[in-house]
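# Notes for the structure review
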Amino acid sequence: MLNELFPNVVIEDLLVATGETFYMTLLALVGSIIFGVILGLLLYLTSKGALWENKGLNIIVAAIVNIFRAIPFIILILLLIPFTTFLIGTFRGSNAALPALIIGSAPFYARLVEIGLREVDKGVIEAAQSMGAKTKTIIFKVLLPESMPALVSGATVTAIALIGYTAVAGVIGAGGLGDFAYYHGFVRRDFDVVFVCTVLIIIIVFIFQFIGDLITKKLDKR
Amino acid sequence: MISIEGLTKIFRLNQKEINAVDDLSLTIEDGEIFGVIGYSGAGKSTFIRLLNRLEEPTSGKVTIQGQDITAMHKSNLRIARQDIGMIFQHFNLLWSRTVSENIAFPLEIAGVPDEERKQRVKELVELVGLSGRENAYPSQLSGGQKQRVGIARALANNPKVLLCDEATSALDPETTNSILDLLVDINERLGLTIILITHEMHVIRKICNRVAVMENGKVVEQGDVLEVFLKPQQAVTKKFVEQVMGNEDGDLDQLLEVYTSGKVVRLHFVGESANQALISKISREYEVEINILQGKITQTKLGAYGTLVVQINGNSSEISKAISFINDKTSVEVEVLENA
């Protein structure tokens, strides 16, 4: 019956494309979380009244974050082609999409991290200081654990944005469902393929949202 | 001993300078419970945070048990802070940690080994009366229980000094009392010096040995709690004393109009502890009848304090004998208000 409804869909190819979407999203998410947390911490810690208050550094980090957030992803991916070629050796394929995906979404996540950290009760930080905690201890035992629900829900939002970005990365032949929908569907006028790819992307988004909500709920003891 | 000399903190806000703490000097003895009272904005919160340098002083010196806190380098200050516990008005517990984990936090900071840490947490949970709630999260606790966790956490590294920043101000009266009892218990058992700031005279009365009254960043009055209660000098102090004692002079005239027989006297209790059954003793030993008209006696750490207005009826020689007994044999002061 599937064959009748979607005559042009080749299951094996579709599975490969779905796998590529997951691959790119998950790896780029890990990268975005690492860089996003670092940048978010820097933004927070160097802000006024915070532990490493430093106006100069704060302005620099904020500028970097804002610039990369301002560039539309489709342009960013093209701009980064020389960098990607240098880093990966090629600018085509799933791996080649990763630098652009991470650079595109880490600054976005950094802002979400910053917002999450701002929500941490100042009094709790003060209490840790009164116990003689080092800044390192405050970061890893107070700031990050106390903002964890916000960090996880922020990562969920970022993951979903990344799923969209992976589809755009089809322009450099990154593979994945976006690429598949365009070349195997739209270009060939096989709209059943476009439809199936869309449904699959929606399902993937739902899966990420569901898992994210579940973890957030489990972590939040407030 | 904690000595504070010329402690000053100036905040700069929009070009304006605010003297939150102004050239403040105090000496606090080991093992005492020292209260600092003042209205909000008096600078008491800044003051207590200057003691462990959560707020950096503009000038002045704080010495805690021979250690000059104000001259310390950051890394030494961190070590010194482990000897100074602190509890807060809003408890400041980590919501992501259970009761046990919250109490373990300062031990982790101090690098106490795992086994020892568990043992110590267990002791502390018992000390503050939270046995059975070890695995609860702060959100599952009442305000009083949260403050107990705060106290256990502050005591974890066996500090010599405990700073209490409005520790009971967010609690209802009954819970306040139970937390104050716990503080006294800790003070007596561990010989800990406690410095607390509050705006409630009730707290001072109940647990403090000495008190300092703050206004506009300065200590305007200080002394033994009883003395301050008895002879408040400053207007602000009088107001605080009224908080606990009420303002009785108002209805005295009215009383004197109604009770005209015998003698109406006012008895001042000033730390009296030996003759608390004074009234029944007099009526037993002298041929007089005593009618209590009004009064308020409150218990401070050093004995009863307060006034009673009583009417003494009987023949005049017995009345004067009774009065001279009170004058000569007790520390209660008698003030004759009206002769019938």
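Further up the page is the structure itself.
Residues numbered from 1 in each chain as written. Chains lettered and ligands numbered in written order. Predicted model: local features only at pLDDT ≥ 70, side-chain atom pairs only at ≥ 80, totals over all residues.

## Considering the overall build of chain B
In terms of regular secondary structure, chain B is built from 12 helices and 14 strands. Dimensions of chain B, computed from the C-alpha atoms along their principal axes, are close to 75 × 55 × 35 Å. The proportion of buried residues among the 340 residues of chain B is 39%. Considering only contacts within chain B whose residues lie at least 6 apart along the sequence, 69% involve residues at least 24 apart. (Helix = DSSP H or I, 4+ residues; strand = E, 2+ residues; numbered from the N terminus. Buried ≥ 20, exposed ≤ 12 C-beta atoms within 10 Å, placed from the backbone. Contact = placed C-beta atoms within 7 Å.)

## A few points about the packing of helix α9 (residues 148-168) of chain A against helix α11 (residues 191-219) of chain A
Residue and element names in this part refer to chain A. α11 packs onto α9 with a crossing angle of 170° between their chain directions and a minimal axis gap of 8 Å. It follows from the interaxial angle that α9 and α11 lie roughly antiparallel. Of the residues in α11, those in contact with Met 148, Pro 149, Val 152, Ser 153, Ala 155, Thr 156, Ala 159, Ile 160, Ile 163 and Ala 167 of α9 are Ile 201, Ile 204, Val 205, Phe 208, Gln 209, Gly 212, Ile 215, Thr 216 and Leu 219. (Axes fitted to C-alpha atoms, helices over the stretch in contact; angles between N-to-C directions. Parallel < 35°, antiparallel > 145°, perpendicular 65-115°, else oblique.)

## Topic: the environment of Ser 94 of chain A
Residue and element names in this part refer to chain A. Relative to the helices and strands, Ser 94 resides in helix α6 (residues 94-118). Ser 94 gets classed as buried once you count the C-beta atoms within 10 Å, which come to 21. Residues Ser 94 and Met 24, 70 residues apart in the sequence, show an inter-C-alpha distance of 6.3 Å. The contacts of Ser 94, once residues within four sequence positions are left out, are Glu 20, Tyr 23, Met 24, Ala 174, Gly 175 and Gly 176.

## A short note on the interface of chain B and chain A
How big an interface is tends to be stated in terms of accessible area lost as the parts join. Residue-level contacts link 18 residues of chain B with 18 residues of chain A. Elements with a contribution of two residues or more to the side of chain B that touches chain A: α2 (74-81), β6 (84-88) and α3 (99-110) of chain B. Classifying every residue of the side of chain B that touches chain A by side-chain character gives 10 nonpolar, six polar and two charged. (Nonpolar A, V, L, I, M, F, W, Y, C, P; charged D, E, K, R; others polar.)

## Let's talk about unusual backbone geometry
Residues and elements named next belong to chain B. A positive phi angle, close to 70°, is found at Gln 15, a residue other than glycine. With respect to the secondary-structure elements, Gln 15 resides in the loop between β1 (2-13) and β2 (16-28). Residue classification places Gln 15 among the exposed positions, given that 5 C-beta atoms sit within 10 Å. Non-glycine residue Asn 158 carries a positive phi angle of around 50°.

Note that every value here comes from positions in space, so none of it alone points to a role or purpose.
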